[in-house]
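# Structural overview for review
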Amino acid sequence: MRQVILGGGLSAISSAYFLQERDDIDEILILEKEDAPGGLCRSIKKDGYTYDIGPHILFSKDKEMLSLMLEMLDEKNDLRRSNQIIYKGRYVQYPFENDLSKLPKEDLDYCVTNFLHNPYEIYRADNMLQFFLKTFGEGITNTYLRPYNEKIWKYDPSFMDTQMVDRIPKPTHEEIMRSASGETVDGYVHQLYFSYPSEGGIEAVVQGFIKKLNKKCRIKCDQAITSLKKNGSRYEIVSNGELIEADRVMSTIPVQELSEIYAVPKEIQGHIENLRYNSIIIAFVKTKEDLSGDNFAFMNPEKDIIFHRISKMDFLGEKYQSGSAAYMVEVTYRRGDYTDSLSDEVLKEKIADGILRIGFAENKEDIEFVNITRHQYAYVIYDLNHKDNMEHIRKYFKEQGIVLNGRFGNFEYWNMDRVIRESKGRAYIL
Ligand SMILES: Cc1cc2nc3c(=O)[nH]c(=O)nc-3n(C[C@H](O)[C@H](O)[C@H](O)COP(=O)(O)OP(=O)(O)OC[C@H]3O[C@@H](n4cnc5c(N)ncnc54)[C@H](O)[C@@H]3O)c2cc1C
């Protein structure tokens, strides 16, 4: 039996890893449109630097998946999170609510009083904004959570559902008082410690999986898939003009791309068109001096700084050190929006302005752009219609016998651990 997997990112590679154990499958063929596998877990190599599409770190509450990912690495660096929120020129340690004493007095009072006397506490939270107000009060919401989330999602949080946030713990009164009185309490402890490949960037995880694939598996890159059709109980795929037959198909390509090669009914097409996602610009920048301390990621809620996050790559270990400081800058956008319309030159200007504003360089001449790339599919947006849209889409593809998997294939905000967990689950139910 031949299994074809569309797309060659982590979900496809990890699916092949589990599926190869099945005796009823003789051949697993992965078709990837780029010149190499890895998808969002590819690491970019430029001018001697290696960096990811957004800083990827290895952490998980799912111990089995975490140890499987770490098993794929020859060597790893174990690190402790040191992330800051840059608020009005000050560093507030992440998560914001745990380090309130760093705020200017007026903002501190605003956050604490509205947490202790929170009129929204009694309501049901039906959207992300309501969740923030109910859980943290108006002060923390308006000072940090709302502006930062608006910046990363480019979406009003009152039009997003609570799937992303409903597991965020509500701080107790005592915790907020401790945070306000100057005690920095570590929060979100499941990601306080993380690992990162000693060499090769996050792609090393994917390469590790690839090394463990047996003779049944084949990865074909540079595949332009133009059509997928169901013919009885089998499937016909046309890729680079060649007809490939399959007994089973799993799609890990964005569901929007799948609908371009597989004829779907108008109603399903409508649901697919209504799905919301963000794209991302990744700029890799070097500065003359290291002015950001022993920290990794910095979140920027301020509206007039174009990037929402800047991360110092040197933090990740010896093989990523630049001699001064090298940063990865992230800017989200959506097709057709204002940011999308900016040329690389204008983007560089705006990014450099932001870097000067946060004090990571003293002069524009001290900032050197190494590379700038755009990636269409980066973040699934849990807008208010996401669940309903996906229910219809999943039901339809299930009827077609096509298994959806992966972050954009199944259209869920999944990290690497969840992607691999779902690949394992799908390998045995097929
Ligand atoms: C900015 C950012 C930061 C992240 N940070 C972390 C982190 O710190 N930790 C963590 O665990 N996870 C992180 N993730 C999530 C992680 O990247 C994803 O969970 C994972 O890479 C998803 O793998 P996938 O195979 O599902 O999707 P993808 O990697 O998107 O793979 C899909 C593949 O399909 C291919 N494809 C698309 N269209 C076609 C077509 N028509 N024909 C053939 N092939 C096609 C693509 O080229 C791609 O290779 C982050 C993601 C982003 C965007």
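Everything here concerns the structure above.
Worth saying up front: this structure is predicted, and the values here are computed from it rather than measured.

Reading the values: rules and limits
- As a convention, each chain's residues are numbered from 1 in the sequence order in which they are written.
- Per-residue local features of the predicted model are confined to residues with pLDDT of at least 70, and side-chain atom pairs are confined, for both listing and counting, to 80 or more; whole-chain, interface and lining totals are unaffected and use all residues.
- Here the side-chain values reflect all heavy atoms present in the structure, with hydrogen atoms and water set aside.
- Each axis is a line fitted through C-alpha atoms, and for a helix only the stretch in contact is used; angles between axes span 0 to 180 degrees, taken between their N-to-C directions.
- Helix and strand definitions follow DSSP, with helices as H or I runs of at least four residues and strands as E runs of at least two, each counted in order from the N terminus.
- Roughly parallel means an angle under 35 degrees; roughly antiparallel means over 145; roughly perpendicular covers 65 to 115; every other angle is labelled oblique.
- Each helix crossing is assigned a hand: it is left-handed if the near helix lies turned anticlockwise from the far helix by less than a right angle, otherwise right-handed if that turn is clockwise.
- A contact between two residues is defined here by any heavy atoms of the two lying within 4.5 Å.
- Following the grouping adopted for this structure description, the nonpolar residues are Ala, Val, Leu, Ile, Met, Phe, Trp, Tyr, Cys and Pro, the charged ones are Asp, Glu, Lys and Arg, and the polar ones are all others, Gly among them.
- What a helix should span is 1.5 Å times the count of its residues minus one.
- Accessible area is worked out with a 1.4 Å probe on protein chains only. A residue is then buried under 20% of its type maximum, exposed over 50%, and partly exposed in between.
- Polar contacts, as used here, are pairs of N or O atoms within 3.5 Å; protein pairs need one atom able to donate a hydrogen and one able to accept it. Residues neighboring in sequence count only if both atoms are side-chain atoms.
- Two aromatic rings from Phe, Tyr or Trp, using only the six-membered ring of Trp, form a pair when their centres are within 6.5 Å; if the ring planes differ by under 30 degrees the pair is stacked, by over 60 it is edge-to-face, and anything between is tilted.
- Distance and angle both matter: a charge sits over a ring if NZ of Lys or CZ of Arg is within 6 Å of the ring centre and within 35 degrees of the ring normal.
- By the convention used here, strands pair only if DSSP detects at least 2 bridges between them.
- To be near a molecule or strand, a residue needs just one of its heavy atoms within 4 Å of it.
- The Shrake-Rupley method, run with a 1.4 Å probe sphere, supplies the accessible areas, and residue values consider only the shown protein chains as cover.
- Only protein atoms enter the 1 Å grid, on which a cavity is a set of points fitting a 1.4 Å probe that cannot get out and a pocket is an open set with protein on both sides within 12 Å along at least 5 of 7 lines, lining residues being those with an atom within 4 Å of a point.
- Grid points are joined across faces, edges and corners, and a volume is the space filled by probe spheres set on the points.
- Take a side-chain nitrogen of Lys or Arg and a carboxyl oxygen of Asp or Glu: if they are within 4 Å of each other, that pair is a salt bridge.

In this section: the packing of helix α1 (residues 10-19) against helix α11 (residues 416-429). Across the interface, α1 lies against α11 with an axial gap of 8 Å and an inter-helix angle of 40 degrees. As summarised for this structure, α1 and α11 are arranged oblique, according to the angle between their axes. In the crossing of α1 with α11, the sense of the turn from one axis to the other is right-handed. Between α1 and α11, the residues in contact are L10, S11, S14, S15, F18 and L19 and M416, V419, I420, S423, K424, A427 and Y428, respectively. A class-by-class count of the residues in the contact of α1 with α11 yields eight nonpolar, four polar and one charged.

What follows deals with helix α4 (residues 128-153). In this model α4 runs just 12 Å from its N-terminal to its C-terminal C-alpha over 26 residues, more than 12% under the 38 Å that 1.5 Å per residue would give. In terms of residue burial, α4 counts as a mostly covered element, since 20 of its 26 residues are buried. The backbone nitrogen of L129 has a side-chain oxygen 3.0 Å away, supplied by the residue at the start of α4, namely N127. Taken from the residues just after α4, K154 is the one with a positive phi, measuring 50 degrees.

Moving on to the packing of aromatic side chains. A full pass over the atoms with the stated rule returns 23 aromatic pairs. Taking 5.1 Å as the distance between ring centres and 75 degrees as the angle between the ring planes, the aromatic pair formed by Y17 and F18 counts as edge-to-face. Classification of Y17 as buried rests on a relative accessible area of 17%. Judged by relative accessible area, F18 falls into the buried class, the value being 7%. Ring centres of Y144 and Y148 lie 5.5 Å apart, and the angle between their planes is 20 degrees; this geometry places the pair in the stacked category. Separated by four residues within a single helix, Y144 and Y148 lie in helix α4, roughly one turn from each other. Judged on exposure class, the residue Y144 and its partner Y148 are both buried. Members of the aromatic cluster, connected to one another through ring pairs, are Y87, F96, Y144 and Y148. The ring of Y413 has R407 lying over it, and the distance from NZ or CZ to the ring centre is 4.8 Å.

This part takes up helix α3 (residues 105-116). An α-helical segment advances 3.6 residues per turn. Residues three or four places apart therefore align on the same side. In this model α3 runs 16 Å from its N-terminal to its C-terminal C-alpha over twelve residues, within 8% of the 16 Å that 1.5 Å per residue would give. Next to the buried residues of α3 lie β6 (84-87), α4 and α5 (173-180).

Attention shifts here to the sheet that holds strand β10 (residues 225-231). Across the sheet, which stays open at both edges, the three strands sit in the order β10-β11-β12 with antiparallel pairing between neighbours. Looking at which strands have only one partner, the edges of the open sheet turn out to be β10 and β12 (242-246). Within the sheet, the average angular offset between the axes of one strand and its neighbour, ignoring direction, is 20 degrees. Strand direction decides the pairing type here: β10 and strand β11 (residues 234-239), joined by six bridges, are antiparallel. Opposite N231, over in β11, you have R234 as the bridge partner.

The next thing to look at is the site of the ligand. Among the 33 residues in the neighbourhood of the ligand, the closest are listed as S11, E32, L40, H56 and W414. Taking E32, its side chain carries an N or O atom lying 2.5 Å from an oxygen atom of the ligand. Burial of the ligand by the protein chains amounts to 93% of its free accessible area of 1000 Å². Looking at the shell around the ligand, the elements with two or more residues in it are α1, β18 (367-380) and α11. When the residues that make up the shell around the ligand are grouped by side-chain class, the tally is 16 nonpolar, eleven polar and six charged.

Here the structure, examined in full by the defined rule, presents one cavity of 30 Å³ or more. Computed from the structure, the largest cavity encloses a volume of approximately 40 Å³. T287, K288, E289, L291, F360, A361, E362 and D366 together form the lining of the largest cavity. Residue classes in the lining of the largest cavity are distributed as three nonpolar, one polar and four charged.

Scanning the model with the defined rule gives 36 salt bridges in all. Notably, a salt bridge pairs K424 with E64, separated by 2.5 Å at the nearest N-O pair. Taken together, the positions of K424 in helix α11 and E64 in helix α2 (residues 63-71) put the pair 360 residues apart, joining distant regions of the chain. The class of E64 is partly exposed, set by a relative accessible area of 38%. For the salt bridge of E330 with R309, the shortest nitrogen-to-oxygen distance reads 2.6 Å.

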